[in-house]
Amino acid sequence: MALNLAHQIGSLAGTQIAAEVTTGEQSSSATANVSAVWKVPLANLRCNAPGEALSPPMLTPPLTPRSAANRSAMMSPSMRPVLSPACQAYGTLSPLEAAEELSASVAWKEGGKKEEKKGVPVYVMMPLDSVTNGNTVNRKKAMNASLHALKSAGVEGIMIDVWWGLVEREAPDAYNWGGYAELLEMAKKHGLKVQAVMSFHQCGGNVGDSCAIPLPKWVTEEIDKDPDLAYTDQWGRRNYEYLSLGCDTLPVLKGRTPVQCYADFMRAFRDSFKHLLGDTIVEIQVGMGPAGELRYPSYPEANGTWKFPGIGAFQCYDKYMLSSLKAAAEAAGKPEWGSTGPTDAGHYNNWPEDTPFFKKEGGGWNTPYGEFFLTWYSQMLLEHGERILSSATSIFDGAGVKISVKVAGIHWHYGTRSHAPELTAGYYNTRYRDGYLPIAQMLARHGAVFNFTCIEMRDHEQPQDALCAPEKLVKQVALATGAAQVPLAGENALPRYDEYAHEQILQASSLNVDGSPVDREMCAFTYLRMNPSLFHPDNWRRFVAFVKKMNEGKGARRCWEEVEREAEQFVHVTQPFIQEAAVALMH
């Protein structure tokens with residue numbers, strides 16, 4: 001659930017890339033030992049005691065979806081720091097050549113020897129518009145410089161959205177992988193691994209969407225003919241972010257079912273990029289709903305329909321969903337329950353206590369009817385996941401890639417009894433029922449990774465009147481995935497560059513919760529998102545230190561200040577090509 005940045009890379013499409021930055025000629029006798037610079041003596045450092053939290057930054061206003069869009073910090077193109085002699089020694093190389101040198105010479109592990117990986121590998125999300133509508137790589141020079149920078153910082157790889165609406169845009173079974181082929185080859189050249197997201201949803205109208213990529217043209221034509229292919233609320237409002245799961249198995253898309261379309265897309269991707277699978281492409285994240293998440297589009301931001309922290313609304317009023325509800329009610333011997341969803345569940349921006357259905361005392365959610373409806377509604381979502389995962393695991397069997405599924409971190413009103421926003425999204429999680437264990441068990445049946453958001457958030461940063469509790473939610477998911485023996489991966493929900501957020505990610509990714517094995521950690525963390533602000537000198541220095549701490553793992557004993565000092569020296573040495581990446585992205 002990423003939040004929009006005023007200067008997100010996506011807004012820079014079509015602009016001219018700045019000329020290549022050079023550092024000028026230097027004497028060939030100048031030398032520098034980068035590893036020595038990295039291991040500079042660290043005297044008189046005050047280190048936090050083990051487990052001692054970093055001091056929180058001033059957060060005004062709170063980091064919520066309503067305020068985070070204004071937190072972007074831009075690097076001025078005029079920033080030209082004075083280079084140290086060590087950095088000047090690299091002046092005879094282009095910034096990109098310097099990156100190659102540093103990648104080979106900087107020792108991330110003590111002694112510089114390659115050894116078995118430990119810790120949590122960090123990936124970085126690419127801009128949503130990394131591939132253009134013309135199926136080419138967007139801002140190619142900026143992308144090239146940025147990938148070099150990420151690799152130099154110890155980043156494991158990148159996450160790329162592979163948009164259904166771009167690749168199969170014009171006609172069924174007509175796939176154009178042009179821009180993706182080039183982008184994946186760039187990642188391979190820089191030695192970066194790739195998490196490829198099969199993005200079967202629309203980009204635009206959701207939290208953090210910085211560009212517009214609709215569903216394929218031929219799909220939207222079918223929706224125009226049959227609007228019930230779109231998710232629908234009780235007021236008849238249609239949502240075009242993702243096809244309703246109610247028609248998953250019906251041949252409504254020119255003779256194919258939606259699940260067949262998703263499977264054919266994944267099969268075509270596999271066949272086109274089989275030479276990269278298992279080596280460069282190491283993970284396939286399968287989109288299962290809006291924003292690529294396994295959920296209903298219960299809190300759409302488009303046209304101001306929903307605003308944080310509203311409870312959202314049930315999305316079960318298209319004819320296909322209602323037909324399923326009717327059949328379930330008849331099977332339960334309660335046909336009167338099958339004509340509609342709850343009619344007393346309020347509106348998108350209500351709070352739980354505003355509604356008869358979600359209120360804590362005597363609420364409909366905790367009645368036999370409520371239990372029937374919520375069981376059906378959440379089970380439909382689980383079955384949707386089962387269908388698509390069955391296809392994905394079959395298609396990529398033996399390809400050497402992980403399959404993952406993204407689950408939304410819906411933390412607002414988590415402290416209430418009914419957990420209304422989770423219920424409308426399809427997660428049947430209440431004070432009396434664990435809604436994440438069934439999801440984890442479903443993923444376990446297919447050997448898939450559980451990818452979860454809001455890892456960077458702390459409870460006190462969120463509006464307490466809305467009883468937000470992201471830390472408690474992350475803990476619940478950690479326990480559920482541990483019980484189901486499913487690997488857990490994470491993402492941050494909002495753009496954050498401060499040490500306080502980084503420290504929270506480190507703590508959450510260590511999975512130090514009651515009942516967790518001592519050696520268990522998240523299997524990966526994906527950082528949101530590559531943009532000009534990431535390459536601002538202070539942000540980049542903190543990010544480099546954060547990646548190093550993540551790579552070292554939960555057993556590391558070194559303090560944050562020590563790693564920060566090392567990162568500062570490293571950033572100083574690598575300034576030329578970091579500067580190139582920042583400048584290229586801003587123009």
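Going by what an unreviewed UniProt entry lists, the protein is known as Beta-amylase and is assigned to Gossypium stocksii. Looking at the protein in UniProt, the text filed under Catalytic activity (unreviewed entry) is "Hydrolysis of (1->4)-alpha-D-glucosidic linkages in polysaccharides so as to remove successive maltose units from the non-reducing ends of the chains." Word for word, the UniProt comment on the protein under Sequence similarities (unreviewed entry) is "Belongs to the glycosyl hydrolase 14 family."

1. Some points on the overall build of the protein
Scanning the protein for helices and strands turns up 17 helices and 10 strands. When each of the 587 residues of the protein is scored for burial, the buried share is 60%. Long-range contacts, defined as pairs at least 24 residues apart, comprise 79% of the intrachain contacts of the protein with a sequence gap of at least 6.

2. Brief notes about the environment of aspartate 514
Here aspartate 514 lies in the loop between α14 (499–509) and β10 (524–527). What makes aspartate 514 exposed here is its relative accessible area of 59%. Each C-alpha atom, one on aspartate 514 and one on lysine 475, is 9.0 Å from the other, the two residues being 39 residues apart in sequence. If near-sequence neighbours (up to four positions away) are discounted, aspartate 514 is found in contact with Lys475 and Leu479.

3. Some points on helix α16 (residues 560–573)
Each α-helix turn comprises 3.6 residues. Residues three or four places apart therefore point the same way. With 14 residues, α16 should cover 20 Å at 1.5 Å per step; its first-to-last C-alpha distance of 20 Å lies within 8% of that length. Residues Trp560, Val563, Glu564, Glu566, Ala567, Phe570, Val571 and Val573 constitute the buried set of α16.

4. A short note on unusual backbone geometry
The amide bond that connects phenylalanine 308 to the next residue, proline 309, takes the cis arrangement and shows omega of 5°. Along the chain, proline 309 falls in the loop between β6 (281–286) and α9 (319–331). The residue after leucine 528, namely arginine 529, is reached through a cis peptide bond having omega 5°. In this structure, arginine 529 sits in the loop between β10 and α15 (537–552). Even without a glycine there, the phi angle at alanine 291 is positive, about 60°. Within the secondary structure, alanine 291 is located in the loop between β6 and α9. Backbone geometry at leucine 467 places phi at a positive 50°, although glycine is not the residue there. Mapped onto the fold, leucine 467 is located in the loop between β8 (449–452) and α13 (470–484).

5. A closer look at the packing of α14 against α15
Where α14 meets α15, the axes come as close as 10 Å, and the angle between the chain directions of the two elements is 15°. Our classification of the angle between α14 and α15 gives roughly parallel. Both α14 and α15 take part in a crossing whose hand is right-handed. Residues Glu499, His502, Ile505, Leu506 and Ser509 of α14 touch α15, and the partners they reach there are Arg541, Arg542, Phe543, Phe546, Lys549 and Met550.

6. As for empty space enclosed by the protein
In total, this model carries 4 cavities of 30 Å³ or more according to the counting rule given. As for the second largest cavity, its lining consists of Gln234, Trp235, Gly312, Ala313, Phe314, Tyr317, Pro342, Ala345, Gly346, Phe358 and Thr424. Its residues assigned to classes, the lining of the second largest cavity comprises 7 nonpolar, 4 polar and no charged.

7. Quick look at the UniProt feature "active site" (unreviewed entry) in the protein
Here the UniProt feature "active site" (unreviewed entry) sits at Glu293 and Glu491. Of the residues just listed, which span 199 residues, no C-alpha pair is farther apart than 12.2 Å, and they cluster in one region. Within the fold, glutamate 293 resides in the loop between β6 and α9. Residue class for glutamate 293 comes out buried when judged on its relative accessible area of 0%. With respect to the helices, strands and loops of the structure, glutamate 491 is situated in strand β9 (residues 488–491).

8. Description of the pairing of β8
Residues Val449 and Asn451 point to one face of β8 and Phe450 and Phe452 to the other, with burial holding for every one of them. Examined bridge by bridge, β8 and β9 share 3 bridges and lie parallel to one another. Bridging across to β9, phenylalanine 450 finds its partner in leucine 488. Handedness of the crossover is the feature at issue here: the chain leaves β8, passes through α13, returns alongside β9, and the resulting connection is right-handed.

9. Some remarks on helix α4 (residues 140–152)
Taking 1.5 Å per residue as the helical rise, α4 with its 13 residues ought to reach 18 Å, and the 19 Å between its terminal C-alpha atoms agrees with that figure. Burial analysis of α4 places 10 of its 13 residues in the buried class, the great majority of the element. Where α4 ends, the next residue or the one after it, glycine 154, has phi of about 90°, a positive value.

10. Overview of the nonpolar core
Counting residues in each nonpolar core, the largest one holds 162 residues, and the members touching the most others are Leu150, Trp164, Phe269, Phe450, Trp540 and Phe546. In terms of residue count, the dominant contributor to this core is helix α10 (residues 368–395) (13 residues). Not counting the four nearest positions on each side in its chain, leucine 150 is found in contact with Val124, Met126, Val155, Ile158, Met530, Leu534, Trp540 and Phe543. Val282, Val449, Ala489 and Ala524 belong to the second largest nonpolar core, which has 5 residues in total.

11. A word on the sheet that holds strand β1 (residues 122–125)
Spatially, β1-β2-β3-β6-β7-β8-β9-β10 is the arrangement adopted by the 8 strands of the closed barrel, whose pairing is parallel. Each strand axis lies, on average, 30° off the axis of its neighbour in the sheet, ignoring direction. Two elements, strand β2 (residues 157–163) and strand β3 (residues 193–199), share 7 bridges in a ladder whose sense is parallel. In the strand pairing of β3, isoleucine 160 is matched with alanine 196. Each of β2, β3 and β6 touches helix α6 (residues 178–189); the most contacted strand, β2, lies at about 175° to it. Where α13 meets the sheet, it contacts β8 and β9, and its direction lies at approximately 180° from that of β8.

About the criteria used
- The numbers attached to residues start from 1 for each chain and follow its sequence in the written order.
- Only residues with pLDDT of at least 70 get local features here, since the model is predicted, and only at 80 or more are side-chain atom pairs given and counted; chain-wide, interface and lining totals rely on the full set of residues.
- Values shown for side chains rest on all heavy atoms present in the structure; no hydrogens or waters enter the calculation.
- UniProt positions are given in the numbering used here, feature names are shortened, and annotations may be inferred rather than shown by experiment.
- Secondary structure counts use DSSP, requiring at least four H or I residues in a row for a helix and at least two E residues in a row for a strand, with both numbered from the N terminus.
- Any residue under 20% of the maximum accessible area for its type is buried, any over 50% is exposed, and the rest in between are partly exposed; the area is computed with a 1.4 Å probe on protein chains only.
- The criterion used for residue contact is that any of the two residues' heavy atoms lie within 4.5 Å.
- Working rule for helices: expected span equals 1.5 Å times residues minus one.
- Fitted lines through C-alpha atoms give the axes, limited to the stretch in contact for helices. The angle between two N-to-C directions lies from 0 to 180 degrees.
- In these notes the angle categories are as follows: under 35 degrees is roughly parallel, over 145 is roughly antiparallel, 65 to 115 is roughly perpendicular, and the rest is oblique.
- Less than a right angle of anticlockwise turn of the near helix away from the far helix marks a crossing as left-handed, whereas a clockwise turn marks it as right-handed.
- For each structure, a 1 Å grid was placed over the protein atoms alone; sets of points admitting a 1.4 Å probe that cannot get out are labelled cavities, open sets with protein on both sides within 12 Å along at least five of seven lines are labelled pockets, and lining residues have an atom within 4 Å of a point.
- Grid points are joined across faces, edges and corners, and a volume is the space filled by probe spheres set on the points.
- Throughout, the ten residues Ala, Val, Leu, Ile, Met, Phe, Trp, Tyr, Cys and Pro are labelled nonpolar, Asp, Glu, Lys and Arg are labelled charged, and all others, Gly among them, are labelled polar.
- One requirement defines pairing of two strands: DSSP has to find at least two bridges between them.
- By the criterion used throughout, a crossover qualifies as right-handed when its path from the first strand across the helix to the second strand runs clockwise, the strands pointing away from the viewer.
- Only buried Ala, Val, Leu, Ile, Met, Phe, Trp, Tyr and Cys residues count toward a nonpolar core, and they belong to the same one when joined by side-chain atoms within 4.5 Å.

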